[in-house]
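Listed below are the residues making up each chain.
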Amino acid sequence: MSDTPHGGFPRFTPAHPPADFGRLLEALRTIQDLAVSTDLPEEQLAAAADQAEKLAAAMAPYVVPEGASPAGRSLELPGRGSLLLLPWTIEKYGPDGVQATGVFRRYHLGGNAAAHGGTLPLLFDDLFGLIQHAYGRPRSRTAFLHIDYRAVTPLDQQLRVSGHVTKVEGRKAFIEAVLTDLDGKVLAECHSLMVSLLPGQP
(Lines give C-alpha, C1' and ligand atoms only; values in the text may rest on other atoms or scores of the structure.)
Protein backbone atom coordinates (compact mmCIF):
# COMPACT_ATOMS: atom_id res chain seq x y z
CA MET A 1 0.00 0.00 0.00
CA SER A 2 1.06 3.60 -0.51
CA ASP A 3 1.68 6.04 2.32
CA THR A 4 2.52 9.75 2.22
CA PRO A 5 3.10 11.35 -1.19
CA HIS A 6 6.70 12.24 -2.01
CA GLY A 7 7.45 14.56 -4.90
CA GLY A 8 4.16 13.66 -6.59
CA PHE A 9 4.76 9.90 -6.31
CA PRO A 10 3.03 7.74 -3.72
CA ARG A 11 5.51 5.83 -1.57
CA PHE A 12 5.01 2.07 -1.71
CA THR A 13 5.94 -0.62 0.76
CA PRO A 14 7.31 -4.01 -0.40
CA ALA A 15 4.81 -6.82 -0.93
CA HIS A 16 5.25 -10.47 -0.03
CA PRO A 17 2.53 -12.30 -1.98
CA PRO A 18 1.83 -16.03 -1.78
CA ALA A 19 3.89 -18.31 -4.00
CA ASP A 20 0.95 -18.72 -6.36
CA PHE A 21 1.38 -15.09 -7.46
CA GLY A 22 4.82 -15.93 -8.82
CA ARG A 23 3.37 -19.01 -10.52
CA LEU A 24 0.67 -16.86 -12.14
CA LEU A 25 3.21 -14.36 -13.45
CA GLU A 26 5.43 -17.06 -14.93
CA ALA A 27 2.44 -18.69 -16.62
CA LEU A 28 1.36 -15.33 -18.04
CA ARG A 29 4.88 -14.63 -19.30
CA THR A 30 4.93 -18.03 -20.98
CA ILE A 31 1.59 -17.22 -22.59
CA GLN A 32 3.09 -13.95 -23.86
CA ASP A 33 6.00 -15.92 -25.36
CA LEU A 34 3.63 -18.40 -26.98
CA ALA A 35 1.28 -15.70 -28.26
CA VAL A 36 4.06 -14.31 -30.45
CA SER A 37 5.62 -17.63 -31.46
CA THR A 38 2.77 -20.00 -32.32
CA ASP A 39 0.36 -20.40 -35.24
CA LEU A 40 -2.62 -22.16 -33.70
CA PRO A 41 -5.15 -24.13 -35.73
CA GLU A 42 -8.55 -22.46 -35.74
CA GLU A 43 -10.11 -24.79 -33.15
CA GLN A 44 -7.16 -24.39 -30.78
CA LEU A 45 -7.21 -20.63 -31.31
CA ALA A 46 -10.89 -20.43 -30.33
CA ALA A 47 -10.31 -22.62 -27.26
CA ALA A 48 -7.31 -20.53 -26.15
CA ALA A 49 -9.27 -17.30 -26.61
CA ASP A 50 -12.15 -18.75 -24.55
CA GLN A 51 -9.76 -19.67 -21.73
CA ALA A 52 -8.07 -16.27 -21.81
CA GLU A 53 -11.41 -14.48 -21.66
CA LYS A 54 -12.51 -16.66 -18.72
CA LEU A 55 -9.30 -15.90 -16.84
CA ALA A 56 -9.71 -12.17 -17.45
CA ALA A 57 -13.31 -12.31 -16.23
CA ALA A 58 -12.26 -14.23 -13.09
CA MET A 59 -9.58 -11.65 -12.23
CA ALA A 60 -11.53 -8.47 -13.10
CA PRO A 61 -13.54 -8.18 -9.83
CA TYR A 62 -10.31 -7.85 -7.85
CA VAL A 63 -8.83 -4.73 -9.48
CA VAL A 64 -7.31 -2.45 -6.82
CA PRO A 65 -5.75 1.05 -6.89
CA GLU A 66 -2.12 1.65 -7.83
CA GLY A 67 0.18 0.48 -5.06
CA ALA A 68 -2.27 -2.05 -3.61
CA SER A 69 -1.45 -4.85 -6.04
CA PRO A 70 1.74 -6.86 -5.38
CA ALA A 71 2.76 -6.18 -9.00
CA GLY A 72 5.87 -4.00 -9.00
CA ARG A 73 6.31 -4.30 -5.22
CA SER A 74 7.43 -7.92 -4.92
CA LEU A 75 11.18 -7.46 -4.67
CA GLU A 76 11.96 -11.17 -4.47
CA LEU A 77 10.28 -11.93 -7.80
CA PRO A 78 11.77 -11.40 -11.27
CA GLY A 79 10.81 -7.96 -12.53
CA ARG A 80 9.53 -7.19 -9.02
CA GLY A 81 6.34 -9.04 -9.93
CA SER A 82 5.44 -6.74 -12.84
CA LEU A 83 4.60 -8.07 -16.29
CA LEU A 84 5.68 -4.76 -17.82
CA LEU A 85 9.23 -5.01 -16.47
CA LEU A 86 11.73 -7.49 -17.80
CA PRO A 87 11.81 -10.58 -15.54
CA TRP A 88 15.32 -9.96 -14.24
CA THR A 89 16.60 -10.70 -10.74
CA ILE A 90 18.44 -8.12 -8.63
CA GLU A 91 21.81 -9.44 -7.42
CA LYS A 92 23.29 -6.30 -5.93
CA TYR A 93 21.57 -3.24 -4.51
CA GLY A 94 23.40 -0.48 -2.69
CA PRO A 95 24.69 3.10 -2.83
CA ASP A 96 27.65 1.98 -4.96
CA GLY A 97 25.34 0.55 -7.63
CA VAL A 98 22.76 -2.00 -8.71
CA GLN A 99 23.27 -5.22 -10.68
CA ALA A 100 20.75 -7.68 -12.11
CA THR A 101 20.76 -10.76 -14.33
CA GLY A 102 18.15 -12.19 -16.64
CA VAL A 103 17.18 -13.09 -20.17
CA PHE A 104 15.28 -11.52 -23.01
CA ARG A 105 12.52 -13.99 -23.88
CA ARG A 106 10.75 -14.78 -27.15
CA TYR A 107 8.19 -12.11 -26.26
CA HIS A 108 11.00 -9.52 -26.55
CA LEU A 109 12.02 -10.59 -30.08
CA GLY A 110 12.85 -7.80 -32.49
CA GLY A 111 13.97 -10.05 -35.33
CA ASN A 112 16.66 -12.51 -36.36
CA ALA A 113 16.89 -14.01 -32.82
CA ALA A 114 17.76 -10.63 -31.28
CA ALA A 115 15.99 -8.64 -28.59
CA HIS A 116 13.96 -5.70 -29.86
CA GLY A 117 16.03 -2.53 -29.53
CA GLY A 118 13.13 -0.84 -27.74
CA THR A 119 13.28 -3.29 -24.85
CA LEU A 120 16.74 -2.07 -23.81
CA PRO A 121 15.58 1.45 -22.83
CA LEU A 122 12.95 -0.18 -20.60
CA LEU A 123 15.62 -2.32 -18.92
CA PHE A 124 17.97 0.63 -18.40
CA ASP A 125 15.29 3.10 -17.32
CA ASP A 126 14.00 0.77 -14.64
CA LEU A 127 17.57 0.08 -13.50
CA PHE A 128 18.27 3.82 -13.22
CA GLY A 129 15.25 4.28 -10.98
CA LEU A 130 16.58 1.56 -8.69
CA ILE A 131 20.09 3.02 -8.76
CA GLN A 132 19.08 6.52 -7.74
CA HIS A 133 16.83 5.11 -5.01
CA ALA A 134 19.63 2.87 -3.67
CA TYR A 135 21.94 5.89 -3.71
CA GLY A 136 19.53 7.70 -1.38
CA ARG A 137 18.23 10.21 -3.90
CA PRO A 138 14.69 11.64 -3.72
CA ARG A 139 12.02 10.38 -6.12
CA SER A 140 13.01 11.41 -9.63
CA ARG A 141 12.02 11.38 -13.28
CA THR A 142 14.19 10.53 -16.26
CA ALA A 143 15.30 13.70 -18.06
CA PHE A 144 17.19 11.84 -20.78
CA LEU A 145 18.48 8.38 -21.52
CA HIS A 146 21.14 7.68 -24.17
CA ILE A 147 22.00 4.18 -25.35
CA ASP A 148 24.94 3.03 -27.45
CA TYR A 149 24.16 -0.37 -28.96
CA ARG A 150 27.49 -2.21 -29.16
CA ALA A 151 26.41 -5.71 -30.24
CA VAL A 152 23.31 -7.76 -30.94
CA THR A 153 21.45 -8.60 -27.73
CA PRO A 154 20.50 -12.30 -27.89
CA LEU A 155 17.36 -14.00 -26.67
CA ASP A 156 17.30 -16.80 -24.09
CA GLN A 157 20.83 -16.17 -22.85
CA GLN A 158 21.74 -15.08 -19.33
CA LEU A 159 22.90 -11.47 -19.37
CA ARG A 160 23.99 -8.96 -16.75
CA VAL A 161 23.19 -5.26 -16.37
CA SER A 162 24.88 -3.02 -13.83
CA GLY A 163 25.15 0.69 -13.17
CA HIS A 164 25.91 3.41 -10.66
CA VAL A 165 25.63 7.13 -9.99
CA THR A 166 28.61 9.00 -11.41
CA LYS A 167 27.83 12.58 -10.35
CA VAL A 168 25.25 14.59 -8.43
CA GLU A 169 24.54 18.29 -9.00
CA GLY A 170 21.67 19.54 -6.88
CA ARG A 171 18.49 17.93 -8.22
CA LYS A 172 20.43 16.18 -10.99
CA ALA A 173 21.89 12.67 -10.74
CA PHE A 174 24.01 11.35 -13.62
CA ILE A 175 23.99 7.57 -14.00
CA GLU A 176 25.88 5.11 -16.18
CA ALA A 177 25.17 1.43 -16.87
CA VAL A 178 26.33 -1.40 -19.08
CA LEU A 179 24.67 -4.56 -20.42
CA THR A 180 26.97 -7.55 -20.97
CA ASP A 181 26.87 -11.28 -21.41
CA LEU A 182 28.24 -13.39 -18.56
CA ASP A 183 31.66 -13.45 -20.22
CA GLY A 184 31.82 -9.66 -20.09
CA LYS A 185 31.11 -8.89 -23.75
CA VAL A 186 29.52 -5.42 -23.90
CA LEU A 187 26.15 -5.41 -25.66
CA ALA A 188 25.02 -1.89 -24.80
CA GLU A 189 26.07 1.10 -22.73
CA CYS A 190 23.77 3.76 -21.38
CA HIS A 191 23.96 7.04 -19.52
CA SER A 192 21.12 9.06 -18.10
CA LEU A 193 20.12 12.16 -16.20
CA MET A 194 17.59 11.74 -13.40
CA VAL A 195 16.06 14.89 -11.92
CA SER A 196 14.49 14.85 -8.46
CA LEU A 197 10.94 16.11 -8.25
CA LEU A 198 9.80 19.29 -6.57
CA PRO A 199 7.13 18.98 -3.85
CA GLY A 200 3.85 18.00 -5.46
CA GLN A 201 5.39 17.60 -8.91
CA PRO A 202 3.95 14.59 -10.82
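Rules behind the numbers
Residues numbered from 1 in each chain as written. Predicted model: local features only at pLDDT ≥ 70, side-chain atom pairs only at ≥ 80, totals over all residues. Heavy atoms only, no water. Helix = DSSP H or I, 4+ residues; strand = E, 2+ residues; numbered from the N terminus. Buried < 20%, exposed > 50% of the residue type's maximum accessible area, 1.4 Å probe, protein only. Contact = heavy atoms within 4.5 Å. UniProt positions renumbered as here; feature names shortened; annotations may be inferred. Phe/Tyr/Trp six-rings, centres within 6.5 Å; stacked < 30°, edge-to-face > 60°. Pairing = 2+ DSSP bridges. Core = buried A, V, L, I, M, F, W, Y, C linked by side-chain atoms within 4.5 Å.

- In the annotation of an unreviewed UniProt entry, the entry for the chain reads Acyl-coenzyme A thioesterase THEM4, and the organism field reads Rhodococcoides corynebacterioides.

1. Notes on the side chain of H108
So, step 1. By secondary structure assignment, the location of H108 is in the loop between β2 (97-102) and β3 (109-111).
So, step 2. By relative accessible area, H108 is classed as buried at 10%.
So, step 3. Excluding residues within four positions of it along the chain, H108 makes contact with L86, P87, A114, A115, H116, T119 and L155.

2. Let's talk about unusual backbone geometry
So, step 1. At N112, a position not held by glycine, the phi torsion is positive, near 55 degrees.
So, step 2. Relative to the helices and strands, N112 resides in the loop between β3 and β4 (114-115).
So, step 3. Residue A113 is not a glycine yet carries a positive backbone phi of 65 degrees.
So, step 4. For A113, the position within the fold is in the loop between β3 and β4.

3. As for the UniProt feature "domain: Thioesterase" (unreviewed entry) in the chain
So, step 1. The UniProt feature table records "domain: Thioesterase" (unreviewed entry) at residues 115-187.
So, step 2. Annotated as residues 115-187, this span is 22% helix and 47% strand, and its ends, taken at the C-alpha atoms, are 11 Å apart.

4. Quick look at the packing of aromatic side chains
So, step 1. Scanning all chains against the criterion turns up 2 aromatic pairs.
So, step 2. Measuring from centroid to centroid gives 5.6 Å for W88 and F104, while their planes differ by 75 degrees, and the two rings are edge-to-face. Within this pair, whereas W88 is found in the loop between α2 (42-59) and β1 (89-94), its partner F104 is found in the loop between β2 and β3, the two being separated by 16 residues in sequence.
So, step 3. For F104, a relative accessible area of 0% translates into the label buried.
So, step 4. Aromatic pair F124 and F128: ring centres 6.2 Å apart, planes at 25 degrees, arrangement stacked.

5. Topic: the pairing of strand β7 (residues 172-181)
So, step 1. Buried residues dominate β7, accounting for 7 of its 10 residues.
So, step 2. Pairing between strand β6 (residues 159-169) and β7: 10 bridges, direction antiparallel. Looking across to β7, one finds that V161 is bridged to L179.
So, step 3. Taking the residues that link successive antiparallel strands as the turn, the β6-β7 hairpin has 2 residues, and the phi of G170 there is positive, at about 60 degrees.

6. Brief notes about the nonpolar core
So, step 1. Membership of the largest hydrophobic core comes to 27 residues, with the highest contact counts inside it found for W88, F104, F124, F128, V161 and L179.
So, step 2. Looking at this core, the elements that each hand over two or more residues are β2, α3 (119-134), β6, β7 and β8 (186-196).
So, step 3. For this core, the leading source of residues is α3, giving 8 residues.
So, step 4. Among residues more than four places away in sequence, those in contact with F128 are L145, I175, E176, A177, C190, H191, S192 and M194.

7. Things to note about the environment of L127
So, step 1. Following the sequence through the fold, L127 ends up in helix α3.
So, step 2. With 14 residues separating them in the primary sequence, L127 and R141 have C-alpha atoms 13 Å apart.
So, step 3. Apart from the residues within four sequence positions on either side, L127 is in contact with V98, V161, S162, G163 and A177.

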